[in-house]
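The lines below spell out each chain.
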Amino acid sequence: MGDRLPEPHASSSPAVAASSEAEEIEVLDSEDVLPMAAEDHWKALFDQKGSCSCRQALKQEESSWDGAEVRKQAEMFDPDNTGYISTEKFRSLLQRHGSELDPHKLEVLLALADSNSEGRICYQDFVNLMSNKRSNSFRQAILQGNRRLCSKALLEETGLSLSQRLIRHVAYETLPREIDRKWYYDSYTCCPPPWFMITITIVEVAFFLYNGVVLDRFVLQVSHPLYLKNALLYHPQLRAQAWRYLTYIFMHAGIEHLGLNVVLQLLVGVPLEMVHGAARISFVYVAGVVAGSLAVSVADMRAPVVGSSGGVYALVSAHLANIVMNWSGMKCQFKLLRMAVALICMSFEFGRAVWLRFHPSAYPPCPHPSFMAHLGGVMVGITLGVIILRNYEQRLQDQTLWWIFLSIYVIFVLFAIFWNIFAYSLLDLKLPPPP
C-alpha cells in the first residue's frame, strides 16, 4: 500500500486509500496519485462486500473533516487546480487495487482510462462516475472505451440467484447499452424499492373498489347517474378546484378501464422506476396526468375526465419510443412482438375511450369523459419522457433537449391556465350544469 502517513508537504500529492489490516488511513506514494473529493466518492470505489474495518476507517476519516480541512485536502491533491489526473497513474492505481472492485465497475474505470488519448482524465468525470451522475463527456469516453472491452456480456453470466436474474432481466428490458446494464446490475440494491408505482396502483384500486360499493356497480361505473358527483374527477364547471387536475386519476370508468391501466403501469412503470428512480418516473407520470387534464380543458372543453391514462400513456409511450430509437441496443426478448402487443392494448384502450366519449350520455347534457388525456400523456412521453429514459444516471441539466422540452411543457401549462381563466367566458361556451 505505501508508507505510513507523513506530515503533508506543499509539493506532495497523495491519494487516500483504506487499510483493512491496521484500520487506519495510509497514503500511496507519489507515483500512485489519485485526488480525493470532499464527498464520499473514494469510498464508492470499494466493493460493498469489502471489509468493515475499511469502510469504518473511511467513515471516521470523513466525519473528522470540517470545511476548512476539506478545502486544504483538495488543494493538496490538485495543487495546480487543473481538474485533471494522469491516465498512467490512474491506470496504475486501478491495476494495484482492482481486486477490491466489482468486476463491472473495474471495466468502466478501465474504459475511462483507455478511451483518453490525451494522457489525462477529467477528475470531474471520475467524481460523476463515483456519485452515479455521469456527464456527457464521461459517457462519450465510456462508449469509446467500451469498444475495447472483451469481457462477456451480462446475459452470459451463470450461477445467479433469483433476485440477481430479476435485476438482470430489468436491465435488459430498459437499458440499451451493455456498460449501463452492468453498472445498474452492480449498483442496484432495491433500497428504496419501486414504491411510487406500487403505491399509486394500490390507491387507484382502493378508490375504485370504494366507488363500486357506493354505486353498486363495477362495470361501466361512468354510466351511473351519481358518478359525476364525486369530488375527485375533473368537471369543466368545477375547473377552479385545482386538485381535480390531479385527483381524477383515482376515478375510472369501469373495471375494464382500471384493469388495463393497472396492468400497463405495473408492467412498464415498475421496471422503469427500478432503473431510473422514483423521482424521475413520478415526474413523467405526474407531468402526463397534468398534461392530460389540461389538454381536455383546452381541446374538449365541455367534457369531464377520469382515469390514470395520461400518466400511463406518458410512461408507455416514452418506453416504446426509447426502444425504437435504440433498437439495435435493446436486447429484451421478443421485442417486436411485445411492442405490437403494447400498441394493440393502447389502441384498444384509446378506442374504448373514444367510443365512450360519443356514446349517449347517462347524465345529459354533460357528455361522457373525454379521451384527450391519452393524447396529452403521449406528448409528454415522447418529449420529456424520452429524454429521461435515454439518459440513465446522466445529469438532465446538461441536456439541451431537456431544457427545450421542459420549456415547451411549462409554456403549455401556463397557456392552459390562462385559457381556463379567460377563454370559457370569452367564447361564451355553454357548459353542462355542475353535478
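Refer to the structure presented above.
Residues numbered from 1 in each chain as written. Predicted model: local features only at pLDDT ≥ 70, side-chain atom pairs only at ≥ 80, totals over all residues. Heavy atoms only, no water.

Caption draft 1: Examining the overall build of the protein more closely. A count of helical and extended segments in the protein gives 16 helices and 4 strands. Taken across its 435 residues, the protein has 52% of its residues classed as buried. The contacts in the protein between residues at least 6 apart in sequence include a share of 72% that link residues at least 24 apart. Accessible area for the protein stands at about 21,100 Å²; split by element, carbon and sulfur atoms hold 63% of it. (Helix = DSSP H or I, 4+ residues; strand = E, 2+ residues; numbered from the N terminus. Buried < 20%, exposed > 50% of the residue type's maximum accessible area, 1.4 Å probe, protein only. Contact = heavy atoms within 4.5 Å. Areas by Shrake-Rupley, 256 points an atom, 1.4 Å probe, with all protein chains shown as cover.)

Caption draft 2: Highlighting the pattern of salt bridges. Under the counting rule described, the total for this entry stands at 5 salt bridges. Between aspartate 300 and arginine 357 there is a salt bridge, and its shortest N-O distance comes to 2.9 Å. Taken as a pair, aspartate 300 in the loop between helix H12 (278-299) and helix H13 (309-325) and arginine 357 in helix H14 (residues 335-358) lie far apart in primary sequence, 57 residues in all. Taking the relative accessible area as the measure of exposure, arginine 357 reaches 13% and is therefore buried. (Salt bridge = Lys/Arg side-chain N within 4 Å of Asp/Glu carboxyl O.)

Caption draft 3: Examining the packing of H13 against helix H15 (residues 372-390) more closely. Relative orientation of the contacting elements H13 and H15 amounts to 45°, with a least axis distance of 6 Å. What the angle tells us is that H13 and H15 run oblique. Two packed elements cross with a definite hand, and for H13 against H15 that hand is right-handed. Contacts between H13 and H15 pair Ser309, Gly310, Tyr313, Ala314, Ser317, Ala318, His319, Ala321, Asn322 and Met325 from the former with Ala373, His374, Gly377, Val378, Val380, Gly381, Ile382, Gly385, Val386, Leu389 and Arg390 from the latter. (Axes fitted to C-alpha atoms, helices over the stretch in contact; angles between N-to-C directions. Parallel < 35°, antiparallel > 145°, perpendicular 65-115°, else oblique. Left-handed = near helix turned anticlockwise from the far one by under 90°.)

Caption draft 4: Structural context of the packing of helix H9 (residues 195-215) against H12. Taken N-terminus to C-terminus, the directions of H9 and H12 make an angle of 40°; their axes are 9 Å apart at the nearest point. Classified by the angle between their axes, H9 and H12 sit oblique to one another. Between H9, through Trp195, Phe196, Met197, Ile200 and Glu204, and H12, the contact on the second element is made entirely by Ala278, Ile281, Ser282, Tyr285 and Val286. Residue composition of the contact of H9 with H12, by class: 8 nonpolar, 1 polar and 1 charged. (Nonpolar A, V, L, I, M, F, W, Y, C, P; charged D, E, K, R; others polar.)

Caption draft 5: Structural context of helix H7 (residues 162-174). With 13 residues, H7 extends 19 Å from end C-alpha to end C-alpha; this agrees with the ideal 18 Å at 1.5 Å per step. When we look at burial in H7, the residues that qualify are Ile167, Arg168, Val170, Ala171, Tyr172, Glu173 and Thr174. The inward-facing, buried residues of H7 abut helix H8 (178-187), helix H11 (255-276), H13 and H14. (Expected span 1.5 Å × (residues − 1).)

Caption draft 6: Representation of the nonpolar core within the structure. Tyr184, Met197, Tyr227, Tyr285 and Tyr409 are the most contacted members of the largest nonpolar core, which totals 80 residues. Among the elements that make up this core, the one with the highest residue count is H12 (10 residues). (Core = buried A, V, L, I, M, F, W, Y, C linked by side-chain atoms within 4.5 Å.)

Caption draft 7: Highlighting the packing of aromatic side chains. The final tally for this structure, using the stated rule, is 12 aromatic pairs. Ring centres 5.8 Å apart and planes at 55° place the aromatic pair phenylalanine 283 and tryptophan 402 in the tilted group. One end of the pair, phenylalanine 283, is in helix H12; the other, tryptophan 402, is in helix H16 (residues 400-426), with 119 residues separating them in the sequence. Of the residues examined, phenylalanine 283 reaches a relative accessible area of 31% and is grouped as partly exposed. Overall, the relative accessible area of 9% leaves tryptophan 402 in the buried class. Three or more aromatic residues joined by ring pairs make a cluster, and in this case those are Tyr184, Tyr188 and Tyr392. Over the face of the ring belonging to tyrosine 424 we find arginine 239, whose NZ or CZ atom lies 3.8 Å from the ring centre. (Phe/Tyr/Trp six-rings, centres within 6.5 Å; stacked < 30°, edge-to-face > 60°. Lys NZ or Arg CZ within 6 Å of the ring centre and 35° of its normal.)

Caption draft 8: Structural detail: the side chain of asparagine 391. Structurally, asparagine 391 can be placed in the loop between H15 and H16. Excluding residues that lie within four positions of it along the chain, asparagine 391 makes contacts with Arg280, Leu396 and Gln399.

Caption draft 9: Geometry of unusual backbone geometry. A cis geometry characterises the amide bond from cysteine 191 onward to proline 192, with omega recorded as 5°. With phi around 60°, cysteine 190 is a residue other than glycine that occupies positive phi space. By relative accessible area, which is 42% here, cysteine 190 ends up partly exposed. A positive phi angle is found at aspartate 216, which is not glycine, with a value near 55°. Relative to the elements of secondary structure, aspartate 216 occurs in the loop between H9 and helix H10 (244-247). Residue aspartate 216 is classed as exposed on the basis of its relative accessible area, which comes to 68%.

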